[in-house]
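Each chain, letter by letter, is given below.
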Amino acid sequence: MVVLVSGARGQLGQALQFISGNYPEVNFVFCDSSQLDITNFEQCEAVFNTYKPNFCINAAAYTAVDKAESEPDKAFDINTNGAQNLAEVCKAHQTVLIHVSTDFVFDAYYANGIAYYDREKRLPLKSTFGLLETDVPFPSGVYGLTKLQGEQAIQSTWNKHFIVRTSWVYSEFANNFMKTMLRLAADRDSLSVVADQIGTPTYAIELAKVLMTIVMAQSTDMNNDTKYGIYNFSNEGQCSWYEFAAAIFELSNIKIDLQPIPSSAYPTPAKRPAYSVLDKTKIKDNFGVEVQDWKQSLANCLAKL
Ligand SMILES: NC(=O)c1ccc[n+]([C@@H]2O[C@H](COP(=O)([O-])OP(=O)(O)OC[C@H]3O[C@@H](n4cnc5c(N)ncnc54)[C@H](OP(=O)(O)O)[C@@H]3O)[C@@H](O)[C@H]2O)c1
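About the cut-offs
Residues numbered from 1 in each chain as written. Predicted model: local features only at pLDDT ≥ 70, side-chain atom pairs only at ≥ 80, totals over all residues. Heavy atoms only, no water. Axes fitted to C-alpha atoms, helices over the stretch in contact; angles between N-to-C directions. Helix = DSSP H or I, 4+ residues; strand = E, 2+ residues; numbered from the N terminus. Left-handed = near helix turned anticlockwise from the far one by under 90°. Contact = heavy atoms within 4.5 Å. 1 Å grid on protein atoms, 1.4 Å probe; cavity = no way out; pocket = protein on both sides within 12 Å on 5 of 7 lines; lining within 4 Å. Points joined across faces, edges and corners; volume = space filled by probe spheres on them. Nonpolar A, V, L, I, M, F, W, Y, C, P; charged D, E, K, R; others polar. Buried < 20%, exposed > 50% of the residue type's maximum accessible area, 1.4 Å probe, protein only. Pairing = 2+ DSSP bridges. Near = heavy atom within 4 Å. Polar contact = N/O pair within 3.5 Å; in protein donor to acceptor, adjacent residues only side chain to side chain. Areas by Shrake-Rupley, 256 points an atom, 1.4 Å probe, with all protein chains shown as cover.

A. Highlighting the packing of helix 2 (residues 41-51) against helix 3 (residues 72-93). At a closest axis distance of 10 Å, the pairing of helix 2 and helix 3 adopts a crossing angle of 35 degrees. Two packed elements cross with a definite hand, and for helix 2 against helix 3 that hand is right-handed. Of the residues in helix 3, those touching helix 2 at Phe41, Cys44, Glu45, Phe48 and Asn49 are Asn85, Leu86, Glu88, Val89, Cys90 and His93.

Here you go:
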């Protein structure tokens with residue numbers, strides 16, 4: 001079985017490379033952006049013709065959330081056109097596409113302990129905990145919009161797809177919030193972190209394992225068309241960025257003056273969802289995935305540094 005991974009140099013790509021030894025039956029082909037530029041359709045075709053993958057995991061994306069506001073064409077080219085290109089070559093080769101998307105397709109907010117998922121219509125969340133795959137997306141920034149359009153391009157092109165939405169990804173690899181906090185703490189005595197955005201951190205190694213759980217499950221019955229679609233995956237529980245930072249410092253035994261601030265005190269080019277906790281019931285039910293609490297996963301990650 002051949003599993004092609006695009007975006008191999010990114011955080012998730014490196015996490016997939018790290019766990020690849022656990023799957024001796026799989027022939028992984030890892031391509032970075034120089035070997036497979038997903039915006040280049042001819043290059044996508046050539047790579048697929050060479051390796052004839054059974055599965056393609058798309059870990060490539062434009063992820064600079066704030067920069068996307070000033071270069072929307074580039075974000076669209078990678079997150080939407082790139083996804084479309086992969087869906088088309090996957091269709092031509094009958095390759096199952098596993099695409100990664102984001103909680104930023106939503107713009108929900110949180111007030112008085114109640115999460116609302118439509119700022120304009122003031123629609124409360126359903127009785128289940130967290131945003132569902134079926135909740136109506138409405139991104140508030142360019143990044144989220146291009147990721148949503150990428151999902152839609154895949155959905156309208158090739159039915160054999162899994163779209164896995166995740167949130168707040170960190171790991172020992174590449175750039176992420178956890179590493180930024182550790183770096184800043186080395187230079188500063190105090191830090192202020194936003195406390196009114198609520199979500200769930202996701203350890204990239206666990207995300208990588210879940211993507212491979214989907215690959216392995218689907219590979220046992222390639223004619224099973226019943227499981228394709230959108231899935232949520234993050235760690236369990238919820239926190240603010242401030243609480244995430246506090247846990248990073250606590251688990252690393254770092255003493256620092258950490259102050260909670262409102263988003264209004266830390267303006268950014270892109271607006272971020274105030275609430276983006278994802279409900280994981282569907283992925284648990286369909287793939288038997290066990291989801292670890294975010295703080296336990298964070299401790300595991302920090303122990304590796
Ligand atoms: N990080 C998060 O907090 C987060 C949260 C929710 C969802 N996600 C989603 O999770 C997925 C993985 O994110 P990540 O954290 O691993 O991102 P990342 O570390 O920024 O990695 C993205 C990778 O995509 C590559 N890339 C960019 N343009 C490309 C192109 N045209 N063709 C091929 N590769 C290209 C980059 O290659 P170069 O290194 O060569 O530039 C980079 O290695 C993405 O779909 C992202 O939207 C991430």
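Alright, that's what it looks like, and here's the rest.
B. Representation of the layout of surface pockets in the model. Within this model, the second largest pocket holds a volume of roughly 170 Å³. Looking at which element gives the most residues to the lining of the second largest pocket, the answer is helix 6 (residues 204-219), with four residues. Considered class by class, the residues forming the lining of the second largest pocket number five nonpolar, three polar and three charged.

C. Molecular detail of the pairing of strand 8 (residues 161-166). For strand 8, the tally of buried residues reaches six of six residues, placing the bulk of the element in the interior. Side-chain alternation along strand 8 places His161, Ile163 and Arg165 on one buried face and Phe162, Val164 and Thr166 on a second face that is also buried. Looking at chain direction, strand 8 and strand 13 (residues 229-232) are connected through four bridges and run parallel. Along strand 13, the bridge assignment pairs Val164 with Tyr231.

D. Layout of the site of the ligand. Lining the immediate environment of the ligand, one finds 23 residues, of which Arg9, Ser33, Thr63, Tyr143 and Lys147 sit closest. One nitrogen or oxygen atom from the main chain of Ala61 is found 3.1 Å from an oxygen atom belonging to the ligand. Between the ligand and Lys147 there is a distance of 2.7 Å, counted from an oxygen atom to a side-chain nitrogen or oxygen. Coverage of the ligand by the protein amounts to 81% of the 900 Å² it exposes when considered alone. Sort the elements by how many residues they give to the shell around the ligand and strand 4 (residues 96-102) lands first, with three residues. Residue composition of the shell around the ligand, by class: 11 nonpolar, nine polar and three charged.

On their own, these measurements won't tell you what the molecule is for.
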